[in-house]
Every structure is written in C-alpha cells, then in structure tokens.
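For reference, the chains in residue letters:
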Amino acid sequence: MTTESTGRTVLAAGPSVPAPQPPEKPRTAIRFGTVVVGNFMVLMDASILNVALPSVRHDLHASAGSLPWTVDAYTVVFAGLMLASGSVADRWGPRRVYRTSLAVFGVISLLCAGATATGMLIAGRALLGVAAAGLVPASLALLAGLYPDPSRRARAVGSWAALSGLGLVAGPVVGGALVALGGWKLVFLVNPPIAFAAFFAARVFHTDKPANHRPVDGWGLLLSILGLGALTFGLVDAGVSGWGRPVPAVSIGLSVVAFAALFLVERRVAFPALPPTLLAMTRVRSDLVAGGVASLIFYGLLFSMTQWMVNERHLSPFQAGLAFLPMTLPLAVLPIFTGRLVARIGTRPLIFFGITAGGLSGAILAGAGAHASFALIVVAQVVLAFASATAIPAATADLSMAAPKDLAATAQGALNASRQAGSALGVAVLGTLATMHDIGLAVTAFAVVTLVVVVLTHRAHPAA
C-alpha cells in the first residue's frame, strides 16, 4: 500500500511469507529473484507516484478532485481483481499469467508516461492495477512450486516479502529523486526495463499444465470483481471526499448486493471461483481475518501518521517519505526472521503477536494526546513495523501450507482481496477521525476484537 504526497495511503503491500535457505543451485536463485521482481514492482508503483502529484497537477492541469484518482485507480482495480486473478492463475497456470502480467505492466507503464491528460493517466493507472493483480497470486503460486517443502517455503516467502518490500521503501525516495531529475513521467519509465527483464527470465519456469482443467466460473468471477471493486471504490471515495455524499453509500451498498449474489451463485455451480471447500477450512478463514485486520491497522495508521506529518508538522513530501524510514526499513528485513520463526514455533503465535503489536501501536498513539512528540510517533512506527512484519507474513505462510496445491493461487488471491479491502477500510475509517488519540483508540479496539475472534476460533477448532 502506499502513501501519497498529501498523506493518502493506497495500496496494501502484497502478502508475505517466510524466507529461503541459500538456494541449492544458481538456477533456483534466478527463479526466486524472478518471482520477487513482480511483487517489488507492485509495491513500488503503489508509492512512487505519490510524491510526483504536484508535478502531475502542473503538467496536466489536473483538478483537485481528479488528482487523487491518479493514485487510487490503481488500488481500486487491483483490489477488485484479486480473487479473480488467483482463480485465473490456477486455471491457466501461474507461469503464463505471471509472464503476461509482466509484459502488460511494462507496456502500460510506457503509455502512462506518454499521457497528455488526467483522464488518460487515470485509465493507465487502472490498467496497471489489472497487471498488478495478475502478478501477486501468480508469483506466490510459482514460489510454492519452487519450494515444495513447507519449512523451506515458509522461509522463502519471508525472503520474498523482505526483498519485494524494498519496493515500498524505495518508492517515495526514488520517485522524489526522479521528479527532481526530470518530472513525473520518469516514475513510469522505471518499470519497463525491470518488467521486460523479468519476463525473459521467467522462461526458466516449467510450462505449467494444470491437471484439473476446471471450467471458468464466469458469474462468480464477475460478481467477485463487482463486489470487491465497488467496496474498495466506496471506501476510497469516502476517504477522499467524506462519507456525507451518496456515492460511497451507493457503492458500498452495491458491493453488499454483489457479495450476497456471489454467495448464492457459488453454492450452485460445479466449479466455483471461490470454492466453499476452501472457506470451510478454519485456518483459511482465520488467515483471511488476520490478514485483513493487519492491513487495516497498518495502512490506516500509515495514512493517519502521514496526515499528521504533513498537516501538523508541515513536512514536505520528500521529508515525510524520509520520516517513515524507521518503519519502512525494518519491513525490508523483518519478514526474513519471521520466516525462520515460522519454521521454529509455527504461524499461530506470530499471528497473535502481530495483531497484539498492532493494537499496542494504537495504544501508544492514543496516549500521545493532541500534541504528540515526533519521538513517540517513531516508537509507534517501529511497533507497527513489527506488527505488519509478523502478522501478514505468518498469515500468508499459514495459508500457503493450509490451501490445497490446486487452489494455491486462488487462496492467495482471496488473502490479497481481504488485505486490500482491509487497507481501504482502514484509510476510510481512520482518516475521518479528528485526533491521533481517537485514531489510536479505534486501532486498539480493532486489534482486541480480532484477537478475541481468532482465539475463540482456534479454541473451537484446536486441530486446525
């Protein structure tokens, strides 16, 4: 997910899981690096445009109302397609979907760089969201195939999360430097060389031929896209313009109708896009809840703290980006250790710890009062980094071990959909609260309720 120059956060970083031992063969290292590249670009592109918005507004004469959507169009489409893209990757094979998404990402980035109007840039960002949605579940499915041993896979996903997380760290800093060097168009010209290099490197993966050629659940995919897209659009629009307008209410109402229809349709089709057998697994449901709430806390606080830095401390966009380094830099390292801990103590304690740490970061902010010191904000940032770097990778690792192999991408797509919806909800809800004290109390409440639900679920199903 991302922060914007005005303090908006948008994309929730893709999931994460544990890290690999040093590869046994150079070929394995090449494949692992190729898988990392896709999620690296997804995260970098979620944040790199934020600091370029003043340049975009000047060059394209963008209105104040349309400017946020040059960032948010990416998030809305990305979230809406998450579940569908996972199902597509399971149906047509993760290698094919991954390479196609890389190529599309590179081409659309070139088109974005050539945009001459705000509408063209918004459309281009939406198409980038399509490609991003294809990259994340497919990359995790490729990673699961590359490391069939659960413990090695857990460690590998931690490394995948840490290395790709560098994109989130690099986005604001690299974006600011490129804007200073030559304007906003340069932030899009970074993508094509990376995407096309990874496209050719991905040839080393075996051509995947799924053994189970299940028919495509067209209605299920359509309703999932409509439900997730409408929900994310409504939440983002409420965060941008407030809840007092009819647009967010209508959009969220449409998502409720779409999800209700999806529930009915999935019970009647032979090969549902979101198989009930998957959702019937206690571990899967618990991981979806944990991932969604962890993203809500992380991105909601990221947005709120950015607003505080820009509006209360009057930091420039570049200074605000640097001010988040105490939080973003650990996120590039901690998931590696999370992967090792998963192999030693399991996923459940780490999920509990991560949600608890998220609540603690909220409690710190709640006790800060109206005139919080910057040092206290830094402490909350560090605690929040530990929360995100444990709960999200652990939930991703647990899901990769719990889901059947033929539904690996679908399960990861569902987790990413939950995380994207959680992040949008965090921004929309926490962004409407007036003080850091109220924001901190809300975050703590979310964490406590989630812990109670997860603990009760595990006690009711101790074998899960």
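Every chain is numbered independently, its residues counted from 1 as its sequence is written. Per-residue local features of the predicted model are confined to residues with pLDDT of at least 70, and side-chain atom pairs are confined, for both listing and counting, to 80 or more; whole-chain, interface and lining totals are unaffected and use all residues. Note: side-chain values were computed over all heavy atoms of the structure, leaving out hydrogens and water.

(A) Spotlight on the overall build of the chain. If you tally the helices and strands in the chain, you get 19 helices and zero strands. Burial statistics for the chain: of 464 residues in total, 58% are counted as buried. Partitioning the contacts of the chain with sequence separation of at least 6, the portion at a separation of at least 24 is 85%. The Shrake-Rupley method, run with a 1.4 Å probe sphere, supplies the accessible areas, and residue values consider only the shown protein chains as cover. Surface summary for the chain: the accessible area is close to 17,300 Å², and the carbon and sulfur share equals 70%. By the criteria applied, helices consist of DSSP H or I runs no shorter than four residues and strands consist of E runs no shorter than two, each listed in order from the N terminus. For every residue, the accessible area obtained with a 1.4 Å probe (protein chains only) is divided by the maximum for its type, and the residue is called buried under 20%, exposed over 50%, and partly exposed between those limits. Here, residues are in contact when the closest pair of their heavy atoms is within 4.5 Å.

(B) View of the nonpolar core. Each nonpolar core is a collection of buried residues, namely Ala, Val, Leu, Ile, Met, Phe, Trp, Tyr and Cys, held together in the definition by side-chain atoms within 4.5 Å. Core analysis: the biggest nonpolar cluster contains 70 residues, and Leu49, Phe105, Leu121, Leu143, Trp160, Trp184 and Phe188 have the highest contact counts within it. Looking at this core element by element, the count peaks at 13 residues for helix 5 (residues 118-146). Those residues in contact with leucine 121 that lie beyond four places of it in its chain are Val56, Leu60, Thr70, Cys112, Ala115, Trp184 and Phe188. Counting 37 residues, the second largest nonpolar core, distinct from the first, contains Val293, Ala294, Ala357 and Ala380.

(C) Representation of the packing of aromatic side chains. Each pair of aromatic rings taken from Phe, Tyr and Trp, with Trp reduced to its six-membered ring, is defined by centres within 6.5 Å and is described as stacked if the planes are under 30 degrees apart, edge-to-face if over 60, and tilted in the remaining cases. Within this structure, the stated rule accounts for four aromatic pairs. Centre to centre, the rings of phenylalanine 32 and tyrosine 147 are 6.4 Å apart; their planes meet at 85 degrees, and the pair counts as edge-to-face. Placement of phenylalanine 32 in helix 1 (residues 26-47) and of tyrosine 147 in the loop between helix 5 and helix 6 (150-182) is noted, with a sequence separation of 115 residues between them. Accessibility expressed as a relative area gives 2% for tyrosine 147, which makes it buried. Between tyrosine 74 and phenylalanine 78 the ring centres are 6.4 Å apart and the planes differ by 20 degrees, which places this aromatic pair in the stacked class. Taken together, the residues tyrosine 74 and phenylalanine 78, both in helix 3 (residues 69-92) and four residues apart, mark about one turn of the helix. Working rule: Lys NZ or Arg CZ, within 6 Å of ring centre, within 35 degrees of ring normal, means a charge sits over the ring. Looking at arginine 31, its charged tip hangs above the ring of phenylalanine 205, at a distance of 5.9 Å from the centre. Here the guanidinium or amino end of arginine 99 rests over the ring plane of phenylalanine 199, the centre of that ring lying 4.1 Å away.

(D) Spotlight on the environment of glycine 354. Along the chain, the position of glycine 354 falls in helix 16 (residues 348-366). Separated by 60 residues in the primary sequence, glycine 354 and alanine 294 place their C-alpha atoms 7.7 Å from one another. Contacts of glycine 354, omitting those with residues within four sequence positions, involve Ala387, Thr390 and Ala391.

(E) Inspection of unusual backbone geometry at higher detail. One non-glycine residue, histidine 61, lies in the positive phi region at around 55 degrees. Relative to the elements of secondary structure, histidine 61 occurs in the loop between helix 2 (53-60) and helix 3.

(F) Fine view of the environment of phenylalanine 271. Positionally, phenylalanine 271 belongs in the loop between helix 10 (246-266) and helix 11 (276-279). With 51 residues separating them along the chain, phenylalanine 271 and glycine 220 place their C-alpha atoms 9.5 Å apart.

(G) Fine view of the pattern of salt bridges. One speaks of a salt bridge when a side-chain nitrogen belonging to Lys or Arg is within 4 Å of a carboxyl oxygen belonging to Asp or Glu. Counted according to the given criterion, the structure contains three salt bridges. The partner of arginine 283 in a salt bridge is aspartate 398, with the nearest N and O atoms 2.8 Å apart. Pair noted here: arginine 283 is in helix 12 (residues 282-312) and aspartate 398 is in helix 17 (residues 374-402), with a separation of 115 residues, a long-range link. By relative accessible area, aspartate 398 is classed as buried at 7%.

(H) Structural detail: helix 8 (residues 191-201). Taken together, the buried positions of helix 8 are occupied by Asn191, Pro192, Ala195 and Ala198. Projected down its long axis, helix 8 carries its buried residues within an arc of 140 degrees, all on one side. Along the arc lie the directions from the helix axis toward the C-beta atoms.

(I) Seen up close, the confidence of the model for the chain. What pLDDT reports is the predictor's confidence in each residue, on a scale of 0 through 100. Predicted confidence across the chain gives a mean pLDDT of 78, with 86% of residues reaching 70 or more. Mean pLDDT per element in the chain: helix 13 (residues 317-323) is the minimum at 68, and helix 4 (residues 94-113) is the maximum at 93. Scored below 50 in pLDDT, residues 1-24 makes 138 contacts in the model with residues more than four places away or belonging to other chains.

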